[in-house]
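Single-letter residue listing:
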Amino acid sequence: MPRQRNETPVAVWYFIAATFAGTLPNLLFPGVDAWVRIVFALIGVVLIAAGIVRLKAEMGWGAKPKGDEPPSGTSPDV
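Given the structure is predicted, the values throughout are model-derived calculations rather than measurements. (Residues numbered from 1 in each chain as written. Predicted model: local features only at pLDDT ≥ 70, side-chain atom pairs only at ≥ 80, totals over all residues. Heavy atoms only, no water.)

## Examining helix 2 (residues 34-59)
Reasoning step 1: Helix length check: helix 2, at 26 residues, gives a terminal C-alpha distance of 37 Å against a target of 38 Å (1.5 Å per residue), a fit within 8%.
Reasoning step 2: Turning to helix 2, its buried residues number three or more, namely V36, G44 and G51.
Reasoning step 3: Tucked into the core, helix 2 has its buried residues touching helix 1 (11-28).
Reasoning step 4: G60 lies just past helix 2 and shows a positive phi near 75°. (Helix = DSSP H or I, 4+ residues; strand = E, 2+ residues; numbered from the N terminus. Expected span 1.5 Å × (residues − 1). Buried < 20%, exposed > 50% of the residue type's maximum accessible area, 1.4 Å probe, protein only. Contact = heavy atoms within 4.5 Å.)

## Considering the pattern of salt bridges
Reasoning step 1: Scanning all chains against the criterion turns up 1 salt bridge.
Reasoning step 2: Note that R54 and E58 form a salt bridge whose closest N and O atoms lie 3.2 Å from each other. Placement of both R54 and E58 in helix 2 is noted, with a separation of 4 residues, approximately one turn of the helix. (Salt bridge = Lys/Arg side-chain N within 4 Å of Asp/Glu carboxyl O.)

Set out below in structure tokens:
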């Protein structure tokens, strides 16, 4: 039985969250210390990395046929 795939895109929410995490201290707390801004920037970078991993899984970039043989099957062009 084939595995059910979730068709709802999730990776875009990681990128949106990274945008908010990167801009939140500047927009809401303009007088905050530099270390707080650095922490929020690092959270943004982590969210971007998680979004890239999730996007890779959603797009199927890692699903490659195993072995050197081409996929078996017949094609009407052959």
